[in-house]
Amino acid sequence: MTATMRAMVRDAYGPPDRLELRDLRRPAAGPDDVLVRVRAAGVDQGTWQLVTGLPYLIRLAGYGLTRPKVPVPGLDVAGRVEAVGERVTRFRPGDEVFGTCDGALAEYACAPQDRFTPKPANVTFEQAGAVPTSAVAALQGLRDAGGIRAGQRVLVIGAGGGVGTFAVQLAKTFDAHVTGVCSTAKTDLVRSIGADDVIDHTREEVADGSRRYDLVLDTGGHRSVTRLRRLLTPRGTLVIVGSGGSGRGGGRWTQGAGRQLRAMALSPFVGQNLRGLMSAARQEDLRLLGELLESGRITPVVDRTYPLDELPAALLHLRSGRVAGKVVITM
């Protein structure tokens, strides 16, 4: 009898309430693959985009023009290795891992071995499932696009969100002076994860030109590139990660990606370095994050967990703007 699994499925792009819990054929590990029994799967703005098909740039990126190529959404996963392919050398059944794969929002998921890394024993599956996409975006935004250096003044906009909570902690590992921007409800959290200063954006305008930073990582705002430039030193760097929680601006084609494109187009003509970020999980970055988790230098912030069949509710909560850290689905 064919082995089956439960998975959240959508046959067409649309609102989360069209997702259905179904029984599907369990994936089989190819020669280079690892089959994981999923224990937790993180959801983020990318998950929302894969479900809704918005902005349309997501479809053009290879996920399916008129309907999803992969019926099961989700990218971030943590679990226990169930089986490995004949050429897999890094893992064996029973190993606890986290990483990325297509179709993470199911009881089993499968991907090549280089998309996983060992899960540290001191973090839970729920914490590990919150890491891959958001922590990699924070790391690559600060280090690769931002060129962060010790002693710099770094501003993280959206510091209480999924990427932002990792960005604050990672910036401190680079010995930067970190200021976090967030709402009133998240100020204590942002201080607790290491921010040297916290700005409550509901009470003061951060981009009023009175403060300047060497590096600004915008993970959750909708401020124009012109306003964001007021936050930079004359040779400072701006890195825009995504469009923020509500996805406003830019229309159905680009949404927040429009700000990234405008920043990159303007950058050659000004003294400041204006960047957009298209992050991608790399095995060496996942391994580094695993080491930082194991040492306790970063700790995932999990706002709330939901069972698999409540994925639609989890996505609506994600879009509410009230999430502190990450939303995680548990199996």
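Residues numbered from 1 in each chain as written. Predicted model: local features only at pLDDT ≥ 70, side-chain atom pairs only at ≥ 80, totals over all residues. Heavy atoms only, no water.

A. Quick peek at the overall build of the protein chain. For the protein chain, the helix and strand inventory stands at eleven helices and 15 strands. Against the globule reference of 20 Å for 331 residues, the protein chain gives a C-alpha radius of gyration of 19 Å, in line with a compact fold. Dimensions of the protein chain, computed from the C-alpha atoms along their principal axes, are close to 70 × 40 × 35 Å. For the protein chain, buried positions account for 54% of its 331 residues. As displayed, the protein chain offers around 14,100 Å² of accessible surface, 49% of which is attributable to carbon and sulfur atoms. Positive and negative charge centroids in the protein chain, built from 43 and 34 side chains respectively, lie 6 Å apart. (Helix = DSSP H or I, 4+ residues; strand = E, 2+ residues; numbered from the N terminus. Rg over C-alpha atoms; globule rule 2.2 N^0.38 Å. Buried < 20%, exposed > 50% of the residue type's maximum accessible area, 1.4 Å probe, protein only. Areas by Shrake-Rupley, 256 points an atom, 1.4 Å probe, with all protein chains shown as cover. Lys, Arg positive; Asp, Glu negative; His and termini not counted. Charge placed at Lys NZ, Arg CZ, Asp CG, Glu CD.)

B. Representation of the packing of aromatic side chains within the structure. The tally for this structure, following the rule as stated, stands at zero aromatic pairs. One cation-aromatic arrangement involves Arg 26 over Tyr 108; the distance from NZ or CZ to the ring centre is 4.0 Å. (Phe/Tyr/Trp six-rings, centres within 6.5 Å; stacked < 30°, edge-to-face > 60°. Lys NZ or Arg CZ within 6 Å of the ring centre and 35° of its normal.)

C. Examining the environment of Gly 42 more closely. One can find Gly 42 in strand E3 (residues 33–43). As for Gly 42 and Ala 281, which are separated by 239 residues in sequence, their C-alpha atoms are 14 Å apart. If sequence neighbours within four positions are ignored, Gly 42 has contacts with Thr 47, Asp 76, Gly 129, Val 327 and Val 328. (Contact = heavy atoms within 4.5 Å.)

D. Molecular detail of the pattern of salt bridges. The final tally for this structure, using the stated rule, is 19 salt bridges. Where Arg 282 meets Glu 284, a salt bridge forms, and the shortest distance between an N and an O atom there is 3.6 Å. Owing to a relative accessible area of 33%, Arg 282 belongs among the partly exposed residues under this scheme. (Salt bridge = Lys/Arg side-chain N within 4 Å of Asp/Glu carboxyl O.)

E. Here's a closer look at the side chain of Ser 134. If you trace the backbone, Ser 134 turns up in helix H4 (residues 132–145). The contact partners of Ser 134, leaving out residues within four places of it in the chain, are Asp 44, Asp 76, Gly 162, Val 163, Phe 166 and Lys 326.

F. Looking closely at the packing of H4 against helix H10 (residues 283–295). Relative to each other, H4 and H10 sit at 100 degrees, their axes nearing to 10 Å. Classified by the angle between their axes, H4 and H10 sit roughly perpendicular to one another. Counting all contacts with H4, which are made through Pro 132, Ala 135, Val 136, Leu 139, Gln 140 and Arg 143, the residues of H10 involved are Asp 285, Leu 286, Leu 288 and Leu 289. Here the contact of H4 with H10 is built from residues that sort into seven nonpolar, one polar and two charged. (Axes fitted to C-alpha atoms, helices over the stretch in contact; angles between N-to-C directions. Parallel < 35°, antiparallel > 145°, perpendicular 65-115°, else oblique. Nonpolar A, V, L, I, M, F, W, Y, C, P; charged D, E, K, R; others polar.)

G. Main features of a nonpolar patch on the surface. Taken together, the side chains of Leu 57, Leu 60 and Leu 65 present a nonpolar region at the surface, about 280 Å² in accessible area. Along the polypeptide, Leu 57 turns up in helix H2 (residues 56–63). Looking at Leu 57, the relative accessible area reads 34%, which means it is partly exposed. (Patch = residues over 30% accessible without salt bridge, like charges linked within 9 Å, V, L, I, M, F, W, Y side chains within 5 Å.)

H. A look at the sheet that holds strand E13 (residues 273–276). One open sheet holds the six strands; their spatial order is E10-E9-E8-E11-E12-E13, and the pairing between them is parallel. The open sheet terminates on both sides in strands that have one partner only, identified here as strand E10 (197–200) and E13. Looking at each pair of strands side by side, their axes are set apart by 15 degrees on average, direction ignored. Direction of pairing for strand E8 (residues 153–157) relative to strand E9 (residues 177–182): parallel, over a ladder of five bridges. (Pairing = 2+ DSSP bridges.)

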